[in-house]
Amino acid sequence: MSRILLTILCSLALVLLFAACGGGGSKSVPSDAVARVGDDTISKTDWEAVIGQARRNRKATKQAFPKQGSVELATLRTNAVLFLIQKSEYFQQADKLGVKVSDKDVDDRLDQIKKQYYGNPAGQPAATPAEMDKRYQAALKQQGFTDEEVRQGLKLQLVREKLFEKVASDVKVSDDDVRAYYNSHKQQYETPAQPASRNVRHILVKKKALADRLYAQLKANPSLFPKLARRYSTDTSSKVNGGTLPGGALKGRTVPPFDKVAFSIATNKISTPVHTQFGWHIIQALGPVKPGTPAKPTPLDQVKAPIRQQLLSQKKDREFQDWLDGIKKKYCKTIAYQRGYKPAPGQDPCTKKGTSTGAATTQ
């Protein structure tokens, strides 16, 4: 359960990657700041807090913190700068679009998490708020995080969710969209063809001599079939049912020699021993062959709602991603770094393709 806290905090960089950009901005950066993005300044205090959080998490989870002068430490320092730039850009955009996240919103989401991850298992009495909070506090300690850090992480998640809702609020899916998708994916929306089937039972043994002896007994007294199957059959899935195959035999789904006999003998007839790779079978048909059915398309009306929801989700994702791409281009022109804090070219998300290895994420 404690892993949810790590997920909340460490996922923030992933959801914010759209905004982190390398600088070239002309604005000066104050001496007590590590970077400037748009109209906002990233303070050294905030940067040191991110590094401190990483240090505490490593210690709590018994992982060594990167050594001074190591590539890993340099990457961590850069990631901290990029993370704070991402955070700043998100909040600047939220302000411009009138997106608000209240303390109550954060409290409600945290309460939801506590109930989901720190409540009692199903079937037990509901955990009290005090019990859930105690488990939550223990998880915080185990991961080296503070309650305030989790709340800040949740606030960022909620800001992103509300930005998504705002940006994609006008996205619609028409009936024509639904129909076109249905027509091009009909195979996904049909009842599969079903093979012929038959209710049969069998006795499976390893030796032909035993199979011949059992067949002789059954020929003399067919009613012995369930008793002999329970005693001698090596097919554990059917012997407990007196040899009856669960669900019956499906044509083409059993090995060919068995399939051929099971679907050709007369109802109630008991076959002579049939050899397959599994041994020797004595088969009895308990009913007539039930014909198979062809694939049957599901009417559009029955699947219209889930198709519409799927398409709506996809269109909203594309709309939001297009918006994010536009924001990235915008902020890439506004960022300036304090000396010693600018990402290396390979870690700068705004470096042109071909000269960058992609955006770094927080540790």
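Parameters and conventions
Residues numbered from 1 in each chain as written. Predicted model: local features only at pLDDT ≥ 70, side-chain atom pairs only at ≥ 80, totals over all residues. Heavy atoms only, no water. Pairing = 2+ DSSP bridges. Helix = DSSP H or I, 4+ residues; strand = E, 2+ residues; numbered from the N terminus. Axes fitted to C-alpha atoms, helices over the stretch in contact; angles between N-to-C directions. Polar contact = N/O pair within 3.5 Å; in protein donor to acceptor, adjacent residues only side chain to side chain. Contact = heavy atoms within 4.5 Å. Parallel < 35°, antiparallel > 145°, perpendicular 65-115°, else oblique. Nonpolar A, V, L, I, M, F, W, Y, C, P; charged D, E, K, R; others polar. Core = buried A, V, L, I, M, F, W, Y, C linked by side-chain atoms within 4.5 Å. Buried < 20%, exposed > 50% of the residue type's maximum accessible area, 1.4 Å probe, protein only. pLDDT = per-residue confidence, 0-100. Left-handed = near helix turned anticlockwise from the far one by under 90°. Salt bridge = Lys/Arg side-chain N within 4 Å of Asp/Glu carboxyl O.

(A) Structural view of the sheet that holds strand β5 (residues 200–205). On the basis of which strands lie adjacent, the open sheet formed by three strands has the order β5-β8-β7 and antiparallel pairing. Single-partner strands in this sheet number two, and they are β5 and β7 (274–276). Within the sheet, the average angular offset between the axes of one strand and its neighbour, ignoring direction, is 35 degrees. Sheet topology places β5 next to strand β8 (residues 279–285); six bridges connect them, and they run antiparallel.

(B) Structural context of the side chain of Gln338. Inspection of the secondary structure puts Gln338 in the segment after β10 (336–337). Here the side chain of Gln338 touches Pro30 through a polar contact of 2.8 Å, landing on its backbone oxygen. A distance of 3.3 Å separates the side chain of Gln338 from the backbone oxygen of Ala33, its partner in a polar contact. Residues within four places of Gln338 in sequence aside, it is in contact with Val29, Pro30, Ser31, Ala33, Val34 and Ala35.

(C) Geometry of the packing of helix α5 (residues 103–118) against helix α7 (residues 147–167). Where α5 contacts α7, the two axes come as close as 9 Å, and the packing angle between them is 105 degrees. By the angle class used here, α5 and α7 are roughly perpendicular. The segment α5 lies against α7, with Asp105, Val106, Asp107, Arg109, Leu110 and Ile113 engaging Asp147, Val150, Arg151, Leu154, Lys155, Leu158, Glu161 and Lys162. Class assignment for the residues of the contact of α5 with α7 results in six nonpolar, no polar and eight charged.

(D) Highlighting the pairing of strand β2 (residues 40–43). Bridge analysis of strand β1 (residues 33–37) against β2 gives four bridges, and the strand direction is antiparallel. Paired with Ala33 across the strands is Ser43, a residue of β2. Taken together, β1 and the strand that follows it, β2, pair antiparallel across an intervening segment of two residues, in which Gly38 is found at a positive phi of about 60 degrees.

(E) Here's a closer look at the nonpolar core. Counting 46 residues, the largest nonpolar core has Trp47, Ile85 and Leu163 as the members making the most contacts within it. Put simply, the parts of the chain that give this core at least two residues each are β1, α3 (44–60), α4 (71–97), α5, α6 (129–143), α7 and α13 (300–331). Residue contributions to this core peak at ten residues, all from α4. By size, the runner-up hydrophobic cluster in this structure holds 13 residues, among which are Ala196, Val261, Val274 and Ala285.

(F) Structural context of the confidence of the model for the protein chain. Averaged over every residue, the pLDDT of the protein chain is 88; residues scoring 70 or more account for 89%. Scored below 50 in pLDDT, residues 10–26 shows 62 contacts in the model against residues more than four places distant or in partner chains. Below a pLDDT of 50 lies the segment residues 354–363, which in the model reaches 30 contacts outside its immediate sequence neighbourhood of four places, other chains included.

(G) Here's a closer look at the packing of α4 against α13. Axis separation between α4 and α13 bottoms out at 12 Å; the angle between their running directions is 110 degrees. Between α4 and α13, the interaxial angle falls into the category roughly perpendicular. Of the two possible hands of crossing, α4 and α13 adopt the one that is right-handed. Mapping the contact onto sequence places Glu89, Tyr90, Gln92, Gln93, Lys96 and Leu97 in α4 and Phe320, Trp323, Ile327, Lys330 and Tyr331 in α13. Each residue belonging to the contact of α4 with α13 can be placed in one class, and the counts come to six nonpolar, two polar and three charged.

(H) Molecular detail of the sheet that holds β2. In space, the three strands of this open sheet follow the order β2-β1-β10, with antiparallel pairing throughout. Of all the strands in the sheet, the pair left with one neighbour each is β2 and β10. Set on the sheet, α4 makes contact with β1, β2 and β10; between it and β1 the angle comes to about 40 degrees.

(I) The side chain of His202, seen in detail. If you trace the backbone, His202 turns up in strand β5. Once you skip the residues sitting within four places of it in the chain, His202 turns out to touch Phe225, Ala229, Ser233, Asp235, Ser238, Gly243, Leu245, Phe258, His281, Ile282 and Ile283.

(J) Structural view of the pattern of salt bridges. Taken as a whole, this structure holds 14 salt bridges when the rule is applied. Of the charged contacts in the structure, one is a salt bridge between Arg58 and Glu72, with a shortest N-O distance of 3.4 Å. Of this pair, Arg58 sits in helix α3 while Glu72 sits in helix α4, and the two are 14 residues apart along the sequence. Residues joined by salt bridges that share partners form a network here, namely Asp107, Asp147 and Arg151.

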